[in-house]
Amino acid sequence: MEIFLDSANLKEIERFSDYSVIDGITTNPTLLSKENSKLEDVIKLCKKLNLFIFIQTLEDDYLKIYEEGKEYYKIYPERIILKIPFSLEGLKSLKLFKKENIPYSVTAIFSLSQIILSLKYEPKYVIPYINRIGRYGGEPFKIIKDAKTVIKDNDIKTKILSASFRSSKEIEEAMVNGSNAVTIPSNIFEEILDNPLSKKAIEDFKRDYFKI
Ligand code: E4P
């Protein structure tokens, strides 16, 4: 099982990377611009901390996606995984990456049929957008469950990395329904860590011990 941080914030990445709480981070162009983080700085930090980093390509044409992806890969070949947004051009580029053993995932997944088309190229991960699927009327957890069946039945190694979360409940459901990995935004991470009931229990144990 793998846990990633869905963030391009340098401080957050350092905070959660200590002692391998996370395996790595996932970025996208929106997260980078929100944090005003330069991709080179985020890669540099991940390199220093030995973290995996998912980087999303921006180009539209498959040959350009391939060239763009190759440039990212060269910077940190040990732990960069490309995120190729689902599209016909994106799918076409996968064959080229596969030939060169460059690790790739397919992102911006909103349906089971998109996962099925992606699986033909055995990406390292498919990345369904849990909350967004739900917001647009879809059934994210059914998609994961069914994708898991397809993956198993066809003996494919692709893992399901669920993304786009707005609550810890969604993370729980995603894992229970067959995700291999989740990428968690820092606010939800903090919320899980900051459970008042856990805090109270720990304080009570301490208080009781010192009563002895
Ligand atoms: C991660 O890889 C995705 O880009 C991200 O989780 C999308 O999430 P959003 O719906 O919060 O933008």
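Calculation notes
Residues numbered from 1 in each chain as written. Predicted model: local features only at pLDDT ≥ 70, side-chain atom pairs only at ≥ 80, totals over all residues. Heavy atoms only, no water. Near = heavy atom within 4 Å. Polar contact = N/O pair within 3.5 Å; in protein donor to acceptor, adjacent residues only side chain to side chain. Areas by Shrake-Rupley, 256 points an atom, 1.4 Å probe, with all protein chains shown as cover. Nonpolar A, V, L, I, M, F, W, Y, C, P; charged D, E, K, R; others polar. Buried < 20%, exposed > 50% of the residue type's maximum accessible area, 1.4 Å probe, protein only. Helix = DSSP H or I, 4+ residues; strand = E, 2+ residues; numbered from the N terminus.

Student: Outline the site of the ligand, supporting the account with residue identities and numerical values.
Tutor: Around the ligand, the surrounding shell consists of Asp-6, Thr-26, Asn-28, Lys-83, Tyr-129, Arg-132, Ala-163, Ser-164 and Arg-166. Contact between the ligand and Asp-6: an oxygen atom at 2.6 Å from a side-chain N or O atom of the residue. Contacts to the ligand include Tyr-129, whose side-chain N or O atom sits 3.1 Å from an oxygen atom. Burial of the ligand by the protein amounts to 89% of the accessible area it has alone, namely 350 Å². Looking at side-chain class alone, the shell around the ligand contains 2 nonpolar, 3 polar and 4 charged residues.

Student: Could you give an account of unusual backbone geometry, with specific residues and numbers?
Tutor: Comment: phi is negative for the bulk of residues other than glycine, and the bulk of peptide bonds are trans. Of note in this structure, Ala-108 is not a glycine but carries a positive phi near 60°. Note on Ala-108: relative accessible area 22%, which makes it partly exposed. One non-glycine residue with positive phi stands out, namely Ser-164, at about 60°. Its location among the elements puts Ser-164 in the loop between β7 (159–162) and α9 (168–176).

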